[in-house]
Amino acid sequence: MTEERTEGKPTDGTESHDPDFPPAFLSFMRQGWRDTSLPVGPRPEVPNYAKRRAAVSAAFPGETLVIPTGGEKVRANDTEYRFRPGSDFAYLTGDHDPDSVLVLRPNGSGHDATLYMRPRSSRQTDEFFRSRHGELWVGRRHTLAEKSSELGLPTADLTELEAALADLAPARTRVLRGFDAGVDAAVHPYDGPRDEGQPARDRELAIAISELKLVKDEWEIAQLQDAIDATVHGFEDVARALPADRGVSERLLEGIFALRARHDGNDVGYGSIVGAGEHATILHWVHNHGVTRPGELLLMDMGVENRHLYTADVTRVLPVNGRFTALQRQVYDIVYASQQAGIEFIKPGVNFKDVHLTCMRVLAEGLADLGLLPVSVDEAMDESSTVYRRWTLHGFGHMLGIDVHDCSNARKETYRDGVLDEGYVLTVEPGLYFQPEDELVPEELRGIGIRIEDDVLVTPEGAVNLSAGLPRRADEVETWLAEQREAGPRLPG
Ligand SMILES: [Mn+2]
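Described in the following lines is the structure provided in the data block.

1. Some points on the nonpolar core
Working step 1: Formed by 74 residues in total, the largest nonpolar core has its most connected members in Tyr-332, Met-399, Leu-420, Leu-432, Phe-434 and Ile-450.
Working step 2: Take this core: its biggest share by element is 7 residues, from helix α13 (residues 352-369).
Working step 3: Beyond its immediate sequence surroundings of up to four residues, Met-399 is in contact with Leu-214, Phe-352, Val-404, His-405, Asp-406, Cys-407, Tyr-415, Leu-420, Tyr-424, Val-425 and Leu-426.
Working step 4: Ranked by size, the runner-up nonpolar core spans 35 residues in total, among them Leu-102, Leu-205, Ala-206 and Ile-209.

2. Thoughts on the coordination of the manganese ion
Working step 1: Those protein atoms acting as donors to the manganese ion are Asp-313 (OD), His-398 (NE2), Glu-429 (OE) and Glu-453 (OE), and they sit at 2.0 to 2.4 Å.
Working step 2: When its relative accessible area of 9% is taken as the criterion, His-398 is described as buried.

3. Some details on the sheet that holds strand β7 (residues 173-175)
Working step 1: If you trace the 5 strands from one edge of the open sheet to the other, you get β6-β5-β4-β1-β7, paired in mixed fashion. Two strands lie at the open edges of the sheet, namely β6 (155-157) and β7, each paired on one side alone. Pairwise comparison of adjacent strand axes, ignoring direction, gives a mean angle of 20° for this sheet.
Working step 2: Here 3 bridges tie strand β5 (residues 111-117) to β6, and the two strands are oriented parallel to one another. Its bridge partner being in β6, Tyr-116 is matched across the sheet by Ala-156.
Working step 3: Against the sheet, helix α6 (residues 144-151) engages β5 and β6, with an angle of about 155° to β6.
Working step 4: Helix α9 (residues 200-212) rests against β1 (64-68) and β7 of the sheet, and its axis sits at about 65° to β7.

4. A word on the environment of Gly-418
Working step 1: By secondary structure assignment, the location of Gly-418 is in the loop between α15 (389-392) and β13 (425-428).
Working step 2: Between the C-alpha atoms of Gly-418 and Lys-353, which are 65 residues apart in sequence, the distance is 7.7 Å.

5. Some words on the packing of helix α12 (residues 326-345) against helix α16 (residues 474-487)
Working step 1: At a closest axis distance of 10 Å, the pairing of α12 and α16 adopts a crossing angle of 115°. In terms of their interaxial angle, α12 and α16 are classed as roughly perpendicular. Taking contact as the criterion, the partners of Arg-329, Tyr-332 and Asp-333 in α12 are, on α16, Ala-474, Asp-475, Val-477 and Glu-478.
Working step 2: Taken together, the residues of the contact of α12 with α16 sort by class into 3 nonpolar, no polar and 4 charged.

6. Looking at α13
Working step 1: The terminal C-alpha atoms of α13, which comprises 18 residues, lie 26 Å apart, in line with the 26 Å expected from a rise of 1.5 Å per residue.
Working step 2: If you check which residues of α13 are buried, you get Phe-352, Val-355, Cys-359, Met-360, Val-362, Leu-363, Ala-364, Gly-366 and Leu-367.
Working step 3: The secondary structure elements touched by the buried residues of α13 are α12, α14 (377-381), α15, β13 and β14 (431-433).
Working step 4: In the stretch just after α13, Gly-371 is the one whose phi turns positive, near 75°.

7. Observations concerning the side chain of Lys-213
Working step 1: Positionally, Lys-213 belongs in the loop between α9 and α10 (218-240).
Working step 2: A relative accessible area of 2% means that Lys-213 is categorised as buried.
Working step 3: With sequence-adjacent residues up to four places away left out, Lys-213 is seen in contact with Ser-87, Asp-88, Tyr-91, Ile-402, Asp-403, Asp-406 and Cys-407.

8. Concerning the state of the cysteines
Working step 1: In this structure the tally under the stated criterion is 0 disulfides.
Working step 2: Unpaired in this structure, Cys-359 has its nearest cysteine sulfur neighbour in Cys-407, at a distance of 19 Å.
Working step 3: Owing to a relative accessible area of 0%, Cys-359 belongs among the buried residues under this scheme.
Working step 4: Using a relative accessible area of 1% as the deciding quantity, one classes Cys-407 as buried.

9. Digging into the pattern of salt bridges
Working step 1: The final tally for this structure, using the stated rule, is 38 salt bridges.
Working step 2: Note that Arg-120 and Asp-35 form a salt bridge whose closest N and O atoms lie 3.4 Å from each other. A residue pair is termed long-range when its members are at least 10 positions apart, and Arg-120 in the loop between β5 and α4 (127-130) and Asp-35 in the loop between α1 (23-29) and α2 (46-59) qualify at 85 residues.
Working step 3: A network of salt bridges, in which partner residues are shared, links Glu-236, Asp-237, Arg-260, Asp-264 and Arg-490.

10. As for the sheet that holds strand β12 (residues 314-319)
Sheet strands associate in pairs through backbone hydrogen bonding, adopting either a parallel or an antiparallel arrangement.
Working step 1: Spatially, 3 strands are ordered β9-β10-β12 in an open sheet, and the strand pairing comes out antiparallel. Of all the strands in the sheet, the pair left with one neighbour each is β9 (273-276) and β12. Each neighbouring strand pair of the sheet contributes to a mean axis angle of 10°, computed without reference to strand direction.
Working step 2: In the sheet, strand β10 (residues 297-302) pairs with β12 via 6 bridges, with the strands oriented antiparallel.

11. Focus: the packing of α2 against α9
Geometrically, a packed helix pair is captured by the angle between its two axes and the distance between the axes.
Working step 1: At a minimum axis separation of 10 Å, α2 and α9 run at an interaxial angle of 135°. With respect to each other, α2 and α9 are oriented oblique. Regarding α2 and α9, the two cross each other, and that crossing is right-handed. Along the contact surface, α2 presents Arg-52, Ala-55 and Val-56, while α9 presents Leu-205, Ile-209 and Leu-212.

12. Some remarks on the packing of aromatic side chains
Working step 1: Scanning the entire structure with this criterion turns up 11 aromatic pairs.
Working step 2: Ring geometry for Phe-128 and Phe-129: centres 5.0 Å apart, planes at 70°, overall edge-to-face.
Working step 3: Exposure remark for Phe-128: the relative accessible area of 0% places this residue in the buried category.
Working step 4: Relative accessible area serves as the criterion here: at 6%, Phe-129 is assigned to the buried category.
Working step 5: A centroid spacing of 4.9 Å and a plane angle of 45° characterise the contact between Phe-324 and Tyr-332, whose relative ring orientation is tilted.
Working step 6: Among the residues examined, Tyr-332 registers a relative accessible area of 0% and is labelled buried.
Working step 7: Among the aromatic residues, ring-to-ring pairing joins Phe-21, Phe-25, Trp-33, Phe-128 and Phe-129 into one connected group.
Working step 8: Across the ring face of Phe-21, the terminal group of Arg-130 is positioned such that the distance to the ring centre comes to 4.0 Å.

Rules and cut-offs
- Residues numbered from 1 in each chain as written.
- Predicted model: local features only at pLDDT ≥ 70, side-chain atom pairs only at ≥ 80, totals over all residues.
- Heavy atoms only, no water.
- Core = buried A, V, L, I, M, F, W, Y, C linked by side-chain atoms within 4.5 Å.
- Buried < 20%, exposed > 50% of the residue type's maximum accessible area, 1.4 Å probe, protein only.
- Helix = DSSP H or I, 4+ residues; strand = E, 2+ residues; numbered from the N terminus.
- Contact = heavy atoms within 4.5 Å.
- Donors = N, O, S within 2.8 Å, 3.2 Å for Na, K, Ca; no water.
- Pairing = 2+ DSSP bridges.
- Axes fitted to C-alpha atoms, helices over the stretch in contact; angles between N-to-C directions.
- Parallel < 35°, antiparallel > 145°, perpendicular 65-115°, else oblique.
- Nonpolar A, V, L, I, M, F, W, Y, C, P; charged D, E, K, R; others polar.
- Expected span 1.5 Å × (residues − 1).
- Disulfide = S-S within 2.5 Å.
- Salt bridge = Lys/Arg side-chain N within 4 Å of Asp/Glu carboxyl O.
- Left-handed = near helix turned anticlockwise from the far one by under 90°.
- Phe/Tyr/Trp six-rings, centres within 6.5 Å; stacked < 30°, edge-to-face > 60°.
- Lys NZ or Arg CZ within 6 Å of the ring centre and 35° of its normal.

The following block contains the structure:
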């Protein structure tokens, strides 16, 4: 299914700058290799993945379900980005290899699962040393048996997938589209033009998986806590490297956080946002080419993605010189009060939308106190107005899990217009942003951007803040920053 990637290039994956292969070298390379085996056994979390597959199976009785992970993405020419598995595929299998495809076939009472994968390079062909996808280029892959043992899932060679997909009845098949062009082309469940987008039947599969993900099981909550704890660690490293009395580049801070993540065996779940001064007013500031300045604020929105791909999403604002000015603190306290009101409001049964309104009303009241609202708070909060949004810009938060914006295919009625339930994990992240060129705010507010973001678990009693390892209140943030500086720089080692 991936051959089209090499179209127009030598089929063995070599490049024009690669050396030739004289026969003497080829025959010498083909001999004398000892077989090896990987020391793998069933991973403890295997039953969790089986449970999720059973839930998807129950939603689509009698139908074949095809769920690819996707392939490596070209960065430039023949270099690729580091592979990141498709979230839904990883959620259902735990497999992290590129190009794999999960197929669930109806068996009368439920489904039989098969993981189609690229097994280790055979020594019977020259692929292992000639192809850039061969093991001497990319490292040892699992055999079919090794992968099966590790994931508790029957496996088959990816080369058999095309035949397996060939005879599927369109009306009884659903594909998670958009991940693997080869799979998408192989299964044609509709006659319309390709550019009409994902057909409704396939869309229902994506929706069902997204809605299953709304409730996190205990193992997932442990993964999220692990990612969040690693994130706390990373924020501490950054705070310890942030000088109070001189500027450093935003990229230094981005790099320290990334170094901590990679050193711990993790990654970042999204491009770190490190906004010094007025860069904090740009919501997705990822250029990070600015410099901190004592006296200004520093906004950092960063999250570690752990080795099972669950990610944190945390934002903190620090006063670079160690102390908020009275005005900075006034704005900070409005955002804090908004976030606190949102967290206190959250419990099973409340509407997602009402959490939003709870947070936004506190922000609107704060804007009124600052003398900025052109109308009353009630008028501003009316659906026909919402003028306060000039300075709040975004919603209160989003679901969090294996994607930073998790459950994104859930229907509006189960997510934005839905009701929170036990086991949901979501961010609470109100903010206030005063653009440097905003003539409707006093000059001293221009260029201030503040967001406080935490990751919250919905429990029977209410909400538990999973990221409480980082303080949020203004005075506590100052104390924490001073403590980190006192402890001194800490680099992984
Ligand atoms: Mn977020």
